[in-house]
Amino acid sequence: MIFPAIDLQNGRSVRLYKGDFAQETVINPDSVDQAKQYEAAKVGALHLVDLDGAKAGKPVNVDIVKAVREAFTGILEIGGGIRDKAAVDLYLGLGVDRVILGSVALKNPELTKQVIAEYGAERIVIGVDGKNGKVAAEGWLDQSDVPMTDLIGAMVEGGAKYFIVTDVDRDGTMQGANEDLLGNLQKEFPTARIVASGGVRNLEDIKSLEAKGVMDSIVGKALYEGTITLEEIAGYNQR
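Note that the structure is predicted; figures quoted are calculated from it, not measured.

A.B. asks: Would you mind showing me how to read the overall build of the protein here?
C.D. replies: The secondary structure content of the protein amounts to 11 helices and 12 strands. For 239 residues, the compact-globule estimate of 2.2 N^0.38 gives 18 Å, and the protein sits close to it at 16 Å. Looking at the protein as a whole, 55% of its 239 residues qualify as buried. Partitioning the contacts of the protein with sequence separation of at least 6, the portion at a separation of at least 24 is 64%. Carbon and sulfur atoms make up 47% of the accessible area of the protein, which totals about 9,800 Å². If the 26 positive side-chain charges of the protein are averaged to one point and the 36 negative ones to another, these points end up 1 Å apart.

A.B. asks: I keep staring at the pattern of salt bridges and nothing clicks. Help me out?
C.D. replies: Between side chains of opposite charge, a pair can form as their charged atoms come close. In this structure the tally under the stated criterion is 10 salt bridges. E77 is the salt-bridge partner of R98, the closest N and O atoms lying 4.0 Å from each other. Taken together, the residues R98 in strand 6 (residues 98–101) and E77 in strand 5 (residues 75–79) connect sequence positions 21 residues apart. Take E77: its relative accessible area is 2%, and that puts it in the buried class. Between E122 and K161 there is a salt bridge; the shortest N-O distance is 3.0 Å. One end of the pair, E122, is in the loop between helix 6 (109–119) and strand 7 (124–131); the other, K161, is in the loop between helix 7 (148–157) and strand 10 (162–167), and 39 residues separate them in sequence. On the basis of relative accessibility, which here comes to 28%, the residue K161 falls in the partly exposed class. One network of salt bridges, with partners in common, ties together K85, D89 and E118.

A.B. asks: Would you take a moment to explain the nonpolar core for this structure?
C.D. replies: Looking at soluble globular proteins, one finds that nonpolar side chains tend to be buried together. With 62 residues, the main nonpolar core has V128, F163, V165 and I228 as its most contacted residues. Broken down by element, the residue count for this core peaks at five residues, all from helix 3 (residues 62–71). Excluding residues within four positions of it along the chain, F163 makes contact with I126, V128, I152, M155, V156, A192, R193, I194 and V195. The next biggest cluster of nonpolar side chains, apart from the first, holds nine residues, and it includes F3, A45, Y162 and V195.

A.B. asks: Can you help me understand the packing of helix 1 (residues 31–41) against helix 3 in this one?
C.D. replies: Interaxial distance between helix 1 and helix 3 falls to 9 Å at its minimum, and their mutual angle equals 20°. As far as their axial angle goes, helix 3 and helix 1 are roughly parallel. Helix 3 is crossed by helix 1, and the crossing has right-handed handedness. Contacts from S31, V32, A35, K36 and E39 in helix 1 reach I64, A67, V68 and A71 in helix 3. Residue composition of the contact of helix 1 with helix 3, grouped by class: six nonpolar, one polar and two charged.

A.B. asks: Before we go on, may I ask you to explain the side chain of Q186 in this structure?
C.D. replies: If you trace the backbone, Q186 turns up in helix 8 (residues 179–188). Only 3.0 Å separates the side chain of Q186 from the backbone nitrogen of I194, close enough to count as a polar contact. Setting aside its immediate chain neighbours within four residues, Q186 contacts A192, R193, I194, K212, G213 and V214.

A.B. asks: Would you explain the packing of aromatic side chains in this entry?
C.D. replies: Each aromatic ring pair is characterised by the separation of its centres together with the angle its planes make. Counted according to the given criterion, the structure contains zero aromatic pairs. The lysine or arginine in question, R98, covers the ring of Y162, its NZ or CZ lying 4.3 Å from the ring centre. For R239, the ring lying beneath its charged end belongs to Y236, and the centroid distance is 3.8 Å.

The rules behind these values
Residue numbers run consecutively from 1 along every chain, following the written order of its sequence. Owing to the predicted nature of the model, reporting of local features is limited to residues with pLDDT of at least 70; listing and counting of side-chain atom pairs is limited to 80 or more, with chain, interface and lining totals taken over all residues. Heavy atoms from the whole structure form the basis of all side-chain values; hydrogens and water molecules are not counted. Segments assigned H or I by DSSP are reported as helices when at least four residues long, segments assigned E as strands when at least two residues long, and all are numbered from the N terminus. Both definitions apply: the radius of gyration is a C-alpha atom measure, and the globule rule equals 2.2 Å times residues to the power 0.38. Accessibility here uses a 1.4 Å probe with only protein chains present; expressed as a share of the type maximum, an area under 20% marks a residue as buried, one over 50% as exposed, and anything in between as partly exposed. Here, two residues are considered to be in contact whenever any of their heavy atoms come within 4.5 Å of each other. Surface accessibility in these figures is a Shrake-Rupley result with a 1.4 Å probe; residues are shielded only by whichever protein chains are displayed. Positive residues here are Lys and Arg, negative ones are Asp and Glu, while His and the chain termini are left out of the count. Note that the charge is assigned to NZ on lysines, CZ on arginines, CG on aspartates and CD on glutamates. Salt bridges are counted wherever a side-chain nitrogen of Lys or Arg sits within 4 Å of a carboxyl oxygen of Asp or Glu. Here, nonpolar core refers to any group of buried Ala, Val, Leu, Ile, Met, Phe, Trp, Tyr and Cys residues whose side-chain atoms link them within 4.5 Å. For helices, the fitted line uses only the C-alpha atoms of the stretch in contact; every axis is such a line through C-alpha atoms, and the angle between N-to-C directions lies from 0 to 180 degrees. Each angle receives one of four descriptions, namely roughly parallel if under 35 degrees, roughly antiparallel if over 145, roughly perpendicular if within 65 to 115, and oblique otherwise. The handedness criterion is simple: a crossing whose near helix is rotated anticlockwise from the far helix by less than a right angle is left-handed, and one whose near helix is rotated clockwise is right-handed. Each residue gets one of three labels, nonpolar for Ala, Val, Leu, Ile, Met, Phe, Trp, Tyr, Cys and Pro, charged for Asp, Glu, Lys and Arg, and polar for the others, Gly among them. Whenever a nitrogen or oxygen atom comes within 3.5 Å of another N or O atom, the pair is scored as a polar contact, on the condition that within protein one atom can donate a hydrogen and the other can accept it, and that pairs from neighbouring residues in sequence are kept only if both atoms are in side chains. Aromatic pairing here means that ring centres of Phe, Tyr or Trp (its six-membered ring) are within 6.5 Å. Orientation follows from the plane angle: under 30 degrees is stacked, over 60 is edge-to-face, and everything else is tilted. Only Lys NZ and Arg CZ are tested; either one counts as a charge over a ring when it is within 6 Å of the ring centre and within 35 degrees of the ring normal.

Quick look at the structure:
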(Lines give C-alpha, C1' and ligand atoms only; values in the text may rest on other atoms or scores of the structure.)
Protein backbone atom coordinates (compact mmCIF):
# COMPACT_ATOMS: atom_id res chain seq x y z
CA MET A 1 0.00 0.00 0.00
CA ILE A 2 1.23 3.49 -0.89
CA PHE A 3 0.07 6.34 1.34
CA PRO A 4 0.30 9.82 -0.20
CA ALA A 5 1.01 12.34 2.56
CA ILE A 6 -0.51 15.66 3.50
CA ASP A 7 1.46 17.58 6.13
CA LEU A 8 -0.64 20.24 7.85
CA GLN A 9 0.80 23.57 9.01
CA ASN A 10 -1.39 26.59 9.73
CA GLY A 11 -4.20 24.80 7.92
CA ARG A 12 -2.21 24.46 4.71
CA SER A 13 -0.59 21.45 3.07
CA VAL A 14 3.19 21.89 3.18
CA ARG A 15 6.42 19.95 2.79
CA LEU A 16 9.41 20.33 5.07
CA TYR A 17 13.04 19.61 4.22
CA LYS A 18 14.58 17.12 6.69
CA GLY A 19 11.85 17.99 9.18
CA ASP A 20 12.99 21.61 9.44
CA PHE A 21 9.97 23.79 10.27
CA ALA A 22 11.81 26.79 8.81
CA GLN A 23 12.22 25.10 5.41
CA GLU A 24 8.66 24.71 4.20
CA THR A 25 7.11 24.62 0.75
CA VAL A 26 3.39 25.28 0.46
CA ILE A 27 1.85 22.50 -1.64
CA ASN A 28 -1.78 23.52 -1.40
CA PRO A 29 -3.28 26.33 0.71
CA ASP A 30 -6.47 24.23 0.96
CA SER A 31 -5.59 20.80 2.37
CA VAL A 32 -9.21 19.63 2.25
CA ASP A 33 -9.31 20.37 -1.47
CA GLN A 34 -6.16 18.30 -1.83
CA ALA A 35 -7.82 15.41 0.00
CA LYS A 36 -10.75 15.68 -2.42
CA GLN A 37 -8.31 15.35 -5.32
CA TYR A 38 -6.93 12.16 -3.74
CA GLU A 39 -10.46 10.87 -3.27
CA ALA A 40 -11.27 11.55 -6.93
CA ALA A 41 -8.09 9.70 -7.97
CA LYS A 42 -9.19 6.67 -5.88
CA VAL A 43 -5.82 6.26 -4.18
CA GLY A 44 -7.50 4.44 -1.29
CA ALA A 45 -5.17 5.61 1.50
CA LEU A 46 -4.00 8.91 3.00
CA HIS A 47 -1.32 9.79 5.56
CA LEU A 48 -1.95 13.03 7.49
CA VAL A 49 0.56 14.75 9.76
CA ASP A 50 -0.41 17.61 12.07
CA LEU A 51 2.92 19.46 12.09
CA ASP A 52 1.53 22.17 14.37
CA GLY A 53 0.37 19.43 16.71
CA ALA A 54 3.77 17.75 16.71
CA LYS A 55 5.34 21.03 17.78
CA ALA A 56 2.63 21.92 20.34
CA GLY A 57 2.38 18.41 21.80
CA LYS A 58 -1.38 18.29 21.28
CA PRO A 59 -3.83 18.14 18.35
CA VAL A 60 -4.10 21.52 16.59
CA ASN A 61 -5.65 20.99 13.14
CA VAL A 62 -8.62 18.94 14.37
CA ASP A 63 -11.24 20.77 12.29
CA ILE A 64 -9.24 20.14 9.12
CA VAL A 65 -8.76 16.47 9.98
CA LYS A 66 -12.51 16.19 10.49
CA ALA A 67 -13.17 17.83 7.12
CA VAL A 68 -10.61 15.57 5.43
CA ARG A 69 -12.33 12.53 6.94
CA GLU A 70 -15.64 13.70 5.50
CA ALA A 71 -14.03 14.22 2.08
CA PHE A 72 -11.93 11.04 1.88
CA THR A 73 -13.40 7.54 2.06
CA GLY A 74 -10.19 5.46 1.99
CA ILE A 75 -7.89 4.43 4.84
CA LEU A 76 -7.02 7.61 6.77
CA GLU A 77 -4.22 7.80 9.34
CA ILE A 78 -3.12 10.78 11.41
CA GLY A 79 0.03 11.55 13.38
CA GLY A 80 1.49 14.58 15.13
CA GLY A 81 0.91 15.75 18.69
CA ILE A 82 -0.95 12.66 19.86
CA ARG A 83 0.52 12.38 23.34
CA ASP A 84 -2.37 11.16 25.53
CA LYS A 85 -5.40 8.89 25.46
CA ALA A 86 -7.78 11.83 25.01
CA ALA A 87 -6.13 12.66 21.67
CA VAL A 88 -6.35 9.01 20.56
CA ASP A 89 -10.02 8.88 21.54
CA LEU A 90 -10.67 12.20 19.78
CA TYR A 91 -9.31 11.13 16.41
CA LEU A 92 -10.73 7.63 16.43
CA GLY A 93 -14.05 9.16 17.44
CA LEU A 94 -13.90 11.31 14.30
CA GLY A 95 -13.71 8.16 12.20
CA VAL A 96 -9.97 8.22 11.49
CA ASP A 97 -8.88 4.65 10.79
CA ARG A 98 -5.40 4.72 12.32
CA VAL A 99 -3.70 6.93 14.88
CA ILE A 100 0.09 7.23 14.85
CA LEU A 101 1.90 7.41 18.17
CA GLY A 102 5.48 8.66 18.01
CA SER A 103 6.89 10.56 20.99
CA VAL A 104 4.46 8.95 23.42
CA ALA A 105 5.58 5.45 22.39
CA LEU A 106 9.10 6.43 23.43
CA LYS A 107 8.22 8.37 26.57
CA ASN A 108 5.08 6.60 27.82
CA PRO A 109 5.19 3.00 26.59
CA GLU A 110 2.61 1.85 29.13
CA LEU A 111 0.00 4.25 27.78
CA THR A 112 0.85 3.12 24.26
CA LYS A 113 0.36 -0.52 25.17
CA GLN A 114 -2.90 0.39 26.90
CA VAL A 115 -4.41 1.95 23.77
CA ILE A 116 -3.16 -0.93 21.60
CA ALA A 117 -4.95 -3.32 23.96
CA GLU A 118 -8.12 -1.22 23.81
CA TYR A 119 -8.30 -0.39 20.10
CA GLY A 120 -6.19 -3.14 18.50
CA ALA A 121 -3.06 -3.20 16.38
CA GLU A 122 -4.94 -2.27 13.19
CA ARG A 123 -5.84 1.16 14.61
CA ILE A 124 -2.74 2.12 16.62
CA VAL A 125 0.41 2.69 14.57
CA ILE A 126 3.85 3.38 16.03
CA GLY A 127 5.89 6.17 14.44
CA VAL A 128 9.64 5.59 14.70
CA ASP A 129 11.53 8.65 13.49
CA GLY A 130 15.21 9.34 13.84
CA LYS A 131 18.78 9.50 12.57
CA ASN A 132 21.57 6.95 12.51
CA GLY A 133 19.28 4.26 13.88
CA LYS A 134 18.36 6.34 16.97
CA VAL A 135 14.88 7.65 17.77
CA ALA A 136 13.90 11.34 17.54
CA ALA A 137 10.82 12.77 19.26
CA GLU A 138 8.79 15.97 19.81
CA GLY A 139 8.32 16.70 16.10
CA TRP A 140 11.96 15.67 15.49
CA LEU A 141 13.14 18.49 17.74
CA ASP A 142 14.51 16.06 20.35
CA GLN A 143 17.09 13.43 19.32
CA SER A 144 17.37 10.55 21.82
CA ASP A 145 19.98 7.83 22.29
CA VAL A 146 17.39 5.05 22.13
CA PRO A 147 18.01 2.63 19.24
CA MET A 148 15.05 2.15 16.89
CA THR A 149 15.39 -1.60 17.42
CA ASP A 150 14.81 -1.18 21.18
CA LEU A 151 11.61 0.83 20.66
CA ILE A 152 10.25 -1.48 17.97
CA GLY A 153 11.07 -4.57 20.01
CA ALA A 154 9.28 -3.21 23.08
CA MET A 155 6.22 -2.22 21.05
CA VAL A 156 6.07 -5.59 19.24
CA GLU A 157 5.97 -7.21 22.68
CA GLY A 158 3.20 -4.75 23.55
CA GLY A 159 1.09 -5.95 20.63
CA ALA A 160 1.91 -3.38 17.94
CA LYS A 161 1.97 -4.38 14.28
CA TYR A 162 2.49 -1.27 12.12
CA PHE A 163 5.67 0.82 12.40
CA ILE A 164 6.19 3.91 10.23
CA VAL A 165 9.96 4.31 10.13
CA THR A 166 11.28 7.68 8.96
CA ASP A 167 14.94 8.47 8.40
CA VAL A 168 14.86 12.20 9.16
CA ASP A 169 17.97 12.80 7.04
CA ARG A 170 16.12 11.43 4.00
CA ASP A 171 12.79 13.17 4.51
CA GLY A 172 11.97 15.63 1.75
CA THR A 173 15.34 15.09 0.05
CA MET A 174 14.34 12.85 -2.91
CA GLN A 175 17.48 10.77 -2.25
CA GLY A 176 15.72 7.43 -1.99
CA ALA A 177 14.63 5.56 1.11
CA ASN A 178 17.12 4.10 3.58
CA GLU A 179 16.55 0.60 2.23
CA ASP A 180 19.22 -1.06 4.35
CA LEU A 181 17.71 0.27 7.58
CA LEU A 182 14.15 -0.58 6.58
CA GLY A 183 14.97 -4.01 5.19
CA ASN A 184 17.03 -4.95 8.24
CA LEU A 185 14.25 -3.86 10.61
CA GLN A 186 11.69 -5.92 8.68
CA LYS A 187 14.01 -8.92 8.82
CA GLU A 188 14.65 -8.49 12.55
CA PHE A 189 10.94 -8.09 13.35
CA PRO A 190 9.12 -10.46 10.95
CA THR A 191 5.76 -10.14 12.73
CA ALA A 192 5.85 -6.34 12.34
CA ARG A 193 4.83 -4.42 9.23
CA ILE A 194 7.51 -1.83 8.58
CA VAL A 195 6.25 1.19 6.62
CA ALA A 196 8.86 3.17 4.66
CA SER A 197 8.84 6.94 5.09
CA GLY A 198 11.36 9.53 3.98
CA GLY A 199 13.10 9.85 0.62
CA VAL A 200 10.86 7.54 -1.45
CA ARG A 201 11.04 8.84 -5.03
CA ASN A 202 9.11 6.60 -7.41
CA LEU A 203 7.60 3.19 -8.10
CA GLU A 204 11.06 1.70 -8.63
CA ASP A 205 11.99 2.64 -5.03
CA ILE A 206 8.73 1.15 -3.79
CA LYS A 207 9.26 -2.10 -5.68
CA SER A 208 12.85 -2.31 -4.42
CA LEU A 209 11.57 -1.94 -0.85
CA GLU A 210 8.94 -4.58 -1.54
CA ALA A 211 11.72 -6.98 -2.58
CA LYS A 212 13.19 -6.47 0.89
CA GLY A 213 9.86 -7.31 2.52
CA VAL A 214 8.79 -3.70 3.14
CA MET A 215 5.27 -3.70 1.68
CA ASP A 216 4.03 -0.20 2.60
CA SER A 217 5.44 3.23 1.74
CA ILE A 218 4.56 6.86 2.34
CA VAL A 219 5.23 9.39 -0.41
CA GLY A 220 5.22 13.15 -0.06
CA LYS A 221 7.60 15.27 -2.06
CA ALA A 222 7.80 12.71 -4.89
CA LEU A 223 4.13 13.31 -5.63
CA TYR A 224 4.60 17.06 -5.85
CA GLU A 225 7.79 16.71 -7.90
CA GLY A 226 5.92 14.46 -10.35
CA THR A 227 8.22 11.44 -10.04
CA ILE A 228 5.20 9.42 -8.96
CA THR A 229 1.59 10.18 -9.88
CA LEU A 230 -1.78 9.72 -8.22
CA GLU A 231 -2.67 7.37 -11.07
CA GLU A 232 0.37 5.19 -10.34
CA ILE A 233 -0.50 5.14 -6.64
CA ALA A 234 -4.12 4.21 -7.35
CA GLY A 235 -3.04 1.46 -9.74
CA TYR A 236 -0.58 0.03 -7.24
CA ASN A 237 -3.09 0.12 -4.38
CA GLN A 238 -5.84 -1.51 -6.41
CA ARG A 239 -3.76 -4.55 -7.40
